[in-house]
Amino acid sequence: MSAAIQVAQGSIEIEHLHIDLGTGGKRFEALQDVSFTVAAGEFVCLLGPSGCGKSTLLGALAGHLQASRGGIRVDGRPVAGPHPERALVFQQHTLFPWQRVVDNVAFGLKMKGVPRDERRRRARELLALVGLEGFDRHYPAQLSGGMQQRVEIARVLINNPRVMLMDEPFGALDAQTRLMMQEHLLDVWSRVRTTIVFITHDIDEALFLADRILVMSPHPGRIVEEIRLDFERPRDARLVTSARFTALKRHCLDLLHPDGRHPVHRERLSPLGDVAVRGLRFAV
Amino acid sequence: MSTIRLLPGTGFVAALRTPFGFAAGGGRSGRLLLRLLSIAACAAAWQWASAKHVDLGVVTFRNVPAPSEALAALWSLLQSPKLLQHLSSSVARVFSGFVGAALVGILLGLVIGRSRWAEDILLPPLEVLRPIPAVAWIPLAILMFPSSEVSMVFITFIGALFPILLNTVHGVEGVDPRLIASARSLGSGRRAVFAEVILPGAAPSIVTGLSIGMGTSWFCLVTAEMISGQFGIGYYTWASYTIQNYDQIVVGMLFIGIFGMGSSALVRKLGNALMPWYLPQGRKS
């Protein structure tokens, strides 16, 4: 692998974090007293049903949402707003449709004032890392959903982020592609050892990817259990049929669906929150 | 009835009935042919109605000049040395008004679309001005601008302004907030977000506004050139009315229609050339 890709590792400390969303009578507590830490280079999955506040938590980590109480620190520094050190990957890609793939990936370097040839060269390196050599001249709309998410990952990695925040990044892909992307992400992560906070409501996905799972529960959003996973790495698809995997999956199912009932479906919250989306008009 | 004589006829009629067949099989030339046929059919219906002096009560063709008469008027205008002056004066007025409206409309639209404060301050007066038809502006235009040339440009400006303004506002407000958040997470500040996300994101809508604005600018040309002048296609049309030369009115109308359509299409073509990434969604089959 190219020596040019050296990624810093970030540790995360979250202390007594409360986040309220909405305004006036519609105001509600999206997150209640959430505390946890993530070690540098660790892969943590936040697992929970829709509406449990996991996306809200991610939005706060990215700096797009303000804490109502409590605080977040990355490598000891308080999170005060969005920063390239904390990369955010959404469920649906956010590539600019008007830029070719190579310029989308190079965007972070453009913001840093890197000259065009240099940043395109680096962008091609990262495209190679995510297995997309030769697609640099394409527009995002010409790629499949899985390829678009690979470009998205390359685009955030170019900034050498300390932390990668992923909001159900493979949730919109078909099952086959999702499995491929999970293995691919682990492969990339084995070479670019950044800290990853990954959100999902898919138990298999969380068990397959993470070093540690934080299980969340809705109304108000809070962490109800922590599960450490010591499956050997590198992991491959055979893991999901192992006895230990199945046992842990049953345990997670019990946590998410107590009494075997399905949870009430709630509207999915965005990491930008309703409040943030309106506020962006002023903030930007 | 012989089958042999019917066959080509049914084929032709079937093709006319199903433009899909043209699009799939005949391609571009097939569709172009269909469109030209449509125009020819309209002209034929018009010729028939005015030749027969069709009177339907509500609408009567008794005094409407026939296409053949209009063609004769067109022929004499084409041979007149004044035609070029008529056309160039009109094109210059529409172009000046359009460029002014594009500058003002896009600028105001960007500001209004981005800031609620600007929206509250700027949009209410503009919304009051918007429904006022161009013809109602004539007296004020004459009073406000000492030069009648500028008054006329002002009318074409008013015609183009609002479609451009509103489409720009719409385009800016329609930019996906996730793209903005993503750009900020990738290190963009206010200005970079504006230049890298808001502008290109709103561009398709702005081009639509420009294309519509170009059309409405021509739409207001007769109104504008009522103010004065000796040249201009709008003036030619209006003057023909005052001297009751109905054939020439039709010729003037056709010129405005064709130039309006052509310049609108030109704006759209230029816009699409500048946005190679923008593939019109849901192309009709």
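Note that the structure is a prediction, hence the values are computed from the model and not measured.

Chemist: It is not clear to me how the overall build of chain B should be interpreted in this structure. Could you clarify?
Modeler: Looking only at helices and strands, chain B features 12 helices and 0 strands. Per-residue burial for chain B yields a buried fraction of 39% across its 285 residues. Excluding contacts between residues fewer than 6 apart, the proportion of contacts in chain B whose partners are at least 24 apart in sequence is 66%. In the form shown here, chain B has an accessible surface area of approximately 16,300 Å², with 70% of it arising from carbon and sulfur atoms.

Chemist: Would you mind going over a nonpolar patch on the surface with me for this structure?
Modeler: Residues and elements named next belong to chain B. Together, Val91, Phe95, Val99, Leu103 and Val104 make up a nonpolar patch on the protein surface, roughly 410 Å² of accessible area in all. Among the structural elements, valine 91 can be located in helix H4 (residues 82-114). With relative accessibility at 34%, the residue valine 91 sits in the partly exposed group.

Chemist: What is the right way to look at the sheet that holds strand E4 (residues 69-74) of chain A in this model?
Modeler: Remark on secondary structure: sheet strands pair via backbone hydrogen bonds, oriented parallel or antiparallel. Residues and elements named next belong to chain A. What the 4 strands build is an open sheet, ordered E2-E1-E4-E5; its pairing is antiparallel. At either end of the open sheet lies a strand with only one pairing partner, and these are strand E2 (28-38) and strand E5 (77-78). Where strand E1 (residues 12-21) meets E2, 7 bridges bridge the pair, whose relative direction is antiparallel. Residue pairing for E2: glutamate 13 is matched across the bridge by threonine 37.

Chemist: Is there a simple way to think about the interface of chain A and chain B in this case?
Modeler: A common way to report how large an interface is uses the accessible area buried once the components associate. With 32 residues of chain A at the contact, the number on the chain B side is 28 residues. Between chain A and chain B, a total of about 2,700 Å² is buried, with carbon and sulfur atoms accounting for 61% of that surface. At the junction of chain A and chain B, the tally comes to 1 salt bridge. Residue glutamate 196 of chain B pairs with lysine 110 of chain A through a salt bridge whose shortest N-O separation is 2.8 Å. The interface formed by chain A and chain B holds 8 residue pairs in polar contact (both at pLDDT 80 or more) in total. Elements supplying a minimum of two residues to the side of chain A that touches chain B: strand E6 (86-89), helix H2 (101-111), helix H4 (145-157) and helix H8 (273-283) of chain A. Among the elements that make up the side of chain A that touches chain B, the one with the highest residue count is H8 of chain A (6 residues). Here the side of chain A that touches chain B is built from residues that sort into 18 nonpolar, 8 polar and 6 charged.

Chemist: I would appreciate a short explanation of helix H7 (residues 243-256) of chain A in the present structure.
Modeler: Given 3.6 residues per turn, any residue in an α-helix points the same way as the ones three and four places further on. All names here are of chain A. Here H7 contains 14 residues, and its C-alpha end-to-end distance of 20 Å stays within 8% of the 20 Å for a straight helix at 1.5 Å per residue. Among the residues making up H7, those that are buried are Phe245, Leu248, Cys252 and Leu256. For H7, the angular spread of buried residues about the axis comes to 75 degrees, placing them on one side. Pointing more than 90 degrees away from the buried face of H7 are the exposed residues Ala243 and Arg250. Where the residues of H7 are buried, they touch strand E3 (43-47), helix H6 (203-209), strand E9 (212-217) and strand E10 (222-228).

What counts, and where the lines are drawn
- Residues numbered from 1 in each chain as written.
- Chains lettered and ligands numbered in written order.
- Predicted model: local features only at pLDDT ≥ 70, side-chain atom pairs only at ≥ 80, totals over all residues.
- Heavy atoms only, no water.
- Helix = DSSP H or I, 4+ residues; strand = E, 2+ residues; numbered from the N terminus.
- Buried < 20%, exposed > 50% of the residue type's maximum accessible area, 1.4 Å probe, protein only.
- Contact = heavy atoms within 4.5 Å.
- Areas by Shrake-Rupley, 256 points an atom, 1.4 Å probe, with all protein chains shown as cover.
- Patch = residues over 30% accessible without salt bridge, like charges linked within 9 Å, V, L, I, M, F, W, Y side chains within 5 Å.
- Salt bridge = Lys/Arg side-chain N within 4 Å of Asp/Glu carboxyl O.
- Pairing = 2+ DSSP bridges.
- Buried area = accessible area lost by both parts, 1.4 Å probe.
- Polar contact = N/O pair within 3.5 Å; in protein donor to acceptor, adjacent residues only side chain to side chain.
- Nonpolar A, V, L, I, M, F, W, Y, C, P; charged D, E, K, R; others polar.
- Expected span 1.5 Å × (residues − 1).
- Arc of directions from axis to C-beta.

On their own, these measurements won't tell you what the molecule is for.
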